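Remarks on the overall topology
Each chain, written out:
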Amino acid sequence: MHETSLMKNLLAIVDRAALAEGNGPVRLVHLRIGEMAGVSEDALRFAFDVLAKGTAAEAASLDVEKVPLRVHCTGCGGDSNPSDFVFICPVCGSTEIEIRSGREMEVDYILVGDRAGESEDSGA
Ligand SMILES: [Zn+2]
């Protein structure tokens, strides 16, 4: 499960960011995960629960923002948002396309020592 090593890296980033922000407890970790990043949100959340223990992010909630796949066709110049990972331009049928977004795997921002936004909870 590569989500575990990804989460280790993310938590290292979060730890550094938390230090830079005064080393307070992290309240929220907001991730941006591309649809094409090939990671499972469930696995990521599980890895977070396990790995965040003992780090600045121990008590943080985890927000996962899904970034849709967007491709740009170099054949006709059109941008599209394919629903499946089919790399054919829906406009002209060209396979000469570039992925513009959807492979992200990053910490977008964190909130440190901030009690605002307490009601954010995705529920179970
Ligand atoms: Zn095209």
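Please read all numbers here as calculations on a predicted model, not as lab measurements.

Brief notes about the packing of helix H1 (residues 3-20) against helix H2 (residues 41-51)
- Running from N to C, H1 and H2 point in directions that differ by 55°, and their axes come no closer than 9 Å. It follows that H1 is oblique to H2 by the angle criterion. Seen along the crossing, H1 lies across H2 with a hand that is right-handed. Across the interface between the two elements, Glu3, Thr4, Met7, Lys8 and Leu11 from H1 touch Ala43, Leu44, Ala47, Phe48 and Leu51 from H2.
- When the residues that make up the contact of H1 with H2 are grouped by side-chain class, the tally is seven nonpolar, one polar and two charged.

Points about the nonpolar core
- Ranked by internal contacts, the top residues of the largest apolar core, which has 21 residues, are Met7, Val26, Val29, Leu31, Phe48, Ala57 and Ile110.
- For this core, the elements supplying multiple residues, two or more each, are H1, strand S1 (26-34), H2, strand S2 (61-67) and strand S6 (105-112).
- Element by element, the count of residues in this core is highest for H1, at five residues.
- Excluding residues within four positions of it along the chain, Leu31 makes contact with Met7, Leu10, Leu44, Leu62, Asp63, Val64, Glu65, Glu106, Val107 and Asp108.
- The next biggest cluster of nonpolar side chains, apart from the first, holds five residues, and it includes Leu69, Val71, Cys73 and Cys89.

Definitions and limits used
- Residues numbered from 1 in each chain as written.
- Predicted model: local features only at pLDDT ≥ 70, side-chain atom pairs only at ≥ 80, totals over all residues.
- Heavy atoms only, no water.
- Axes fitted to C-alpha atoms, helices over the stretch in contact; angles between N-to-C directions.
- Helix = DSSP H or I, 4+ residues; strand = E, 2+ residues; numbered from the N terminus.
- Parallel < 35°, antiparallel > 145°, perpendicular 65-115°, else oblique.
- Left-handed = near helix turned anticlockwise from the far one by under 90°.
- Contact = heavy atoms within 4.5 Å.
- Nonpolar A, V, L, I, M, F, W, Y, C, P; charged D, E, K, R; others polar.
- Core = buried A, V, L, I, M, F, W, Y, C linked by side-chain atoms within 4.5 Å.
- Buried < 20%, exposed > 50% of the residue type's maximum accessible area, 1.4 Å probe, protein only.

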